[in-house]
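Fold and geometry: a report
Below are the chains, spelled out letter by letter.
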Amino acid sequence: MGKITQLLTHPDELKAVIQMLGFRKHLHQREAQSPTLKRCYELLNMTSRSFAAVISELHPELKDAIMLFYLILRALDTAEDDMTIDPTIKVPLLRTFHDKLKTTDFAYLNSKDKDAVVLAEFPIILAEYHKLKPEYQDIIKDITDKMGNGMADYILDEKFNLEGVHTVKDYDLYCHYVAGLVGEGLTKLFVLAGFANKDLMNDDFEKSESMGLFLQKTNIIRDYNEDLEDGRSFWPKEIWSKYTSELPTFYKDLSEKSQLDGTYCINELVYNALGHVKDVLTYLLMVKDPSSFNFCAIPQVMAIATLALVFNNRDVLHKNIKIRKGTTCKLILASRTMPGVVQVFKQYIQIINHKSPVEDPNYLKIGIRCGEIEQFIEKMYPTPGSIPKEAIRLKQSGKTDDIEQYIIARKSVDEQVAKEISAEEFNINAVLLSIFLVISGSIYYALN
Ligand code: MG
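Anyway, here's the lowdown on the structure attached to this text. (Residues numbered from 1 in each chain as written. Predicted model: local features only at pLDDT ≥ 70, side-chain atom pairs only at ≥ 80, totals over all residues. Heavy atoms only, no water.)

1. Observations regarding the overall build of the chain
Worth spelling out the cut-off: Strands are runs of DSSP state E lasting at least two residues, helices are runs of H or I lasting at least four, and both sets are numbered from the N terminus onward. Values of the radius of gyration come from C-alpha atoms, whereas the globule rule sets the reference at 2.2 Å times the count of residues to the power 0.38. Think of it in three bands: with a 1.4 Å probe and only protein chains considered, a residue is buried below 20% of the maximum accessible area for its type, exposed above 50%, and partly exposed in between. In short, Shrake-Rupley with a 1.4 Å probe defines the accessible areas, and a residue's cover is counted only from the protein chains shown.
Per the secondary structure count, the chain includes 24 helices and zero strands. Here the C-alpha radius of gyration of the chain, 23 Å, is about what a compact globule of 448 residues would show, namely 22 Å. When its C-alpha atoms are laid out on the principal axes, the chain stretches across 75 × 65 × 60 Å. Looking at the 448 residues of the chain, the share that counts as buried comes to 50%. Carbon and sulfur atoms form 57% of the exposed surface of the chain, whose accessible area is close to 21500 Å².

2. Some words on the nonpolar core
Spelled out, the test is: Working definition of a nonpolar core: buried Ala, Val, Leu, Ile, Met, Phe, Trp, Tyr and Cys residues. They are joined through side-chain atoms within 4.5 Å. Contact criterion: two residues are considered in contact whenever any of their non-hydrogen atoms come within 4.5 Å of each other.
F190, I221, W235, L274 and F345 are the most contacted members of the largest nonpolar core, which has 126 residues in total. Apart from the residues lying within four places of it in its own chain, the contact partners of F190 are L62, I66, F195, A196, Y283, S292, F295 and C296.

3. Here we look at the coordination of the magnesium ion
Note the cut-off: Metal donors: N, O and S atoms at distances within 2.8 Å, or within 3.2 Å for Na, K and Ca, with water omitted from the atom set so that some sites may seem incomplete.
Looking at the magnesium ion, one finds its protein donor set to be D77 (OD), E80 (OE) and D81 (OD), positioned 2.1 to 2.2 Å from the metal centre. Sequence spacing of the donor residues for the magnesium ion, all on one chain, is D-x2-E-D. Residue class for D81 comes out partly exposed when judged on its relative accessible area of 36%.

4. Some points on the packing of helix α3 (residues 35-47) against helix α5 (residues 60-81)
The following threshold applies: Note on geometry: axes are C-alpha line fits, over the in-contact stretch for helices, and angles between N-to-C directions span 0 to 180 degrees. An angle below 35 degrees is treated as roughly parallel, one above 145 as roughly antiparallel, one from 65 to 115 as roughly perpendicular, and anything else as oblique. What makes a crossing left-handed is the near helix being turned counterclockwise from the far one by less than a right angle; a clockwise turn instead makes it right-handed. Under the scheme applied, nonpolar residues are Ala, Val, Leu, Ile, Met, Phe, Trp, Tyr, Cys and Pro; charged residues are Asp, Glu, Lys and Arg; polar residues are all the others, including Gly.
One way to put it is that α3 packs onto α5 with a least axis distance of 10 Å and a crossing angle of 55°. Taken together, the axes of α3 and α5 are oblique relative to one another. Handedness of the α3/α5 crossing: left-handed. Contact with α3, carried on its side by L37, C40, Y41, L43, L44 and T47, involves K63, D64, M67, L68, Y70, L71 and R74 of α5 and no other residues of that element. Looking at the contact of α3 with α5 residue by residue, the classes come out as nine nonpolar, one polar and three charged.

5. Describing a negative patch on the surface
Which entries qualify depends on this criterion: In this scheme, patches are assembled from residues that exceed 30% relative accessible area and form no salt bridge. Like charges are connected within 9 Å, while nonpolar side chains (Val, Leu, Ile, Met, Phe, Trp, Tyr) are connected within 5 Å. Any carboxyl oxygen of Asp or Glu that lies within 4 Å of a side-chain nitrogen of Lys or Arg is treated as forming a salt bridge with it. Positive residues here are Lys and Arg, negative ones are Asp and Glu, while His and the chain termini are left out of the count. Here the site of a charge means atom NZ of a Lys, CZ of an Arg, CG of an Asp or CD of a Glu.
There is a patch of like negative charges on the surface, built from D157, E158, D170 and E238. Secondary-structure assignment places D157 in the loop between α10 (134-156) and α11 (158-163). Judged by its relative accessible area of 32%, D157 falls in the partly exposed class.

6. Quick look at the packing of aromatic side chains
Definition in use: Any two rings among Phe, Tyr and Trp, with Trp reduced to its six-membered ring, count as a pair given centres within 6.5 Å; such a pair is stacked if its planes are under 30 degrees apart, edge-to-face if over 60, and tilted if neither.
Evaluation of the coordinates by the stated rule reveals 14 aromatic pairs. With centroids separated by 5.8 Å and ring planes inclined at 65°, the aromatic side chains of F51 and F295 adopt a geometry described as edge-to-face. Residue F51 is found in helix α4 (residues 49-56), and its partner F295 is found in helix α19 (residues 290-310); the two are separated by 244 residues along the sequence. Overall, F51 belongs to the partly exposed group, its relative accessible area being 27%. Ring centres of F160 and Y174 lie 5.7 Å apart, and the angle between their planes is 25°; on these two criteria the pair is classed as stacked. In this pair, F160 sits in helix α11 while Y174 sits in helix α12 (residues 168-192), placing the two residues 14 residues apart along the sequence.

7. Overview of the packing of helix α17 (residues 256-274) against α19
As a packed pair, α17 and α19 sit with axes 10 Å apart at the nearest point and diverge in direction by 155°. When the axis of α17 is compared with that of α19, the two are roughly antiparallel. Pair α17 / α19 crosses with left-handed handedness. Here α17 contributes I266, V270, A273 and L274 to the contact with α19, which in turn contributes I304, L307 and V310. Looking at the contact of α17 with α19 residue by residue, the classes come out as seven nonpolar, no polar and no charged.

8. With respect to the pattern of salt bridges
Opposite charge on two side chains permits them to pair, given that their charged atoms come into close proximity. If you walk through the whole model with that rule in mind, you get 23 salt bridges. Between R95 and D153 there is a salt bridge whose closest N-O contact spans 3.0 Å. Pair noted here: R95 is in helix α6 (residues 87-95) and D153 is in helix α10, with a separation of 58 residues, a long-range link. A relative accessible area of 27% means that R95 is categorised as partly exposed. Its salt-bridge partner being E415, residue K411 comes within 2.9 Å of it at the nearest N-O pair. With K411 and E415 both in helix α24 (residues 402-447) and four residues apart, this pair spans about one turn of that helix.

9. What about the side chain of E80?
With respect to the element layout, E80 can be found in helix α5. Buried charge without a partner: E80 forms no salt bridge, and the closest opposite charge is K90, 6.9 Å away. Excluding residues that lie within four positions of it along the chain, E80 makes contacts with K90, L94, M151 and I155.

10. Regarding the environment of P339
Position of P339 relative to the elements: it lies in helix α21 (residues 338-355). For P339, a relative accessible area of 14% corresponds to the buried category.

11. Let's talk about the state of the cysteines
Going by this rule: Criterion for a disulfide: a pair of cysteine sulfur atoms at a distance within 2.5 Å.
Considering all chains together, one arrives at zero disulfides under this definition. No disulfide involves C265; its nearest neighbouring cysteine sulfur is the one of C175, lying 15 Å away. The class of C265 is buried, set by a relative accessible area of 1%. Looking at the unpaired C296, the closest cysteine sulfur is the one in C175, lying at 18 Å. Given a relative accessible area of 7%, C296 falls into the buried group.

12. Looking at helix α22 (residues 363-380)
Filter applied, for reference: By definition here, a helix of n residues has an expected span of 1.5 Å times n minus one. Summarising the geometry, the arc corresponds to the directions from the helix axis toward the C-beta atoms.
Relative to the 26 Å expected for 18 residues at 1.5 Å per residue, α22 spans 26 Å between its end C-alpha atoms, a close match to the ideal helical length. Every buried residue of α22 is listed here: I366, C370, I373, F376, I377 and M380. All buried residues of α22 fall inside an arc of 120° around its axis, so they share one side. Of the exposed residues in α22, those oriented more than 90 degrees away from the buried face are L364, I368 and Q375.

Without other data, these values stay purely geometric and don't point to any function.
Structural data, given as C-alpha cells:
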C-alpha cells in the first residue's frame, strides 16, 4: 500500500513506472542462446538482477562479453568475500585467478558464500569466455589479474584489516581496485567495439577511473550503517577523524553534537565524491552507442540521486536509505540521452546546494564545487535540446576542439533517441487519458 500511495503522490513517477512497464522501446532484441550461454544469463540473474536488466539491453556485439566480464569478477569477488576460505588458500587463488581463464575446467566447490554457484559452475562461464573474440578475452583477463592481485594485497595488509582506510589517497586506491579497474576494462571493450571515443583511454584512464570511483564512493557513504554492522568501514580516517575520535560514535552516541558531526562528515564525503562529476559527464559524452550509453549512464544518475538523498541526512548513520522505486524508473528513462542525464545531474546538484547548512564547516567549499559543476553543465548544454554554447564558441574561434566533436557526435544520437521517446510519450499520455476518462465516467455514473 505504501508504494501505491508514494506513486499517487508523485504523478511524474507513476507515469515513469507505466512507461517502464509497457512502452519503452527495447534497443536490442534477444536472440537464440546455446545451453551454456543460457545458463550464464541465469547465473547473472541469480547474482545481480539490476545488472542483468541493463546488460540484457546491450548491443549484441558486447552483450555476452560484458555479461562474462561481470560473472568472472563476481566469481573473483565471491572467493575474496568468503571468510570460510583460509588466507593461505585464498591469497594464491586470487593472485592466479586470471590463469584459470586459460583452462576449461576450473571450478571451486568449497565456497559457502551466497554467490558460491558462480565458482562451482565456473566451467560453464569458461566455455562461453573462450568463444569471445581474443581481444575481448585479453581485456577481461588483464583486469582479472590486476583486481585479483589488488584484493590479495588488501588481505595481507594488516593495518587495513585492523583500522580500515587511512588517507584519502588510500580511499581512492581501494576504490580503484574494486571499481576503477572495472571502468578501465569496460572502456577498453567500448573503444574496441567502436562504441566510444578512443580518447577515453588517454591520461591513464582518468575519466573511466572517475566513473568507477563516483559509484563506489556513493555506495561507501550510503552503506556506513550496514558496513559497521558487518564489522568494517571504508570511510577514510583522514576525513572522519576531523569529526570524531572513533568512527562508530556517530552510530552509538545519539547526542545532538555527535549527530551533527556525523552529518558534517557525510557532507564532506559527498563533497569529495562530487569531485568526479565533471569527468563522469565528459566520459558519457564520449560514448556513442545508445545501448552502451544507457548502460553507463543509469548507475551514474542513480549515484547522483543517492548522493542528494544522503547529503546532510543523519538517517544514514542509523539505517539504509534508498531512492524510491518510482524515482528509479524516472531516472532510467532520463538516462537515454545526454541532455536528459545532464538535467538530472543539474537538478540533484541544486538540491545538494540548497540542503547545505551554513553552519557546516565545508559550507563554502561545497557551494563552490556545486557552482563549478553547474557552470560546466551550463557551458555544454545551456537548455536541453539546443545547440551547446561551447560548440558555437569553438566554431566561431575556428578551433576544432575534441569536445566539439564529442558534442556533435552525441547530438545526432540524442536526436534519434528523442524522437523515439516522444512517440512513447504520446502512447503513455493516451493511456493516462483513458484511465482518467474511465475513472471520471465511473464517478459520473455513480453520482447519477
Ligand atoms: Mg569483495
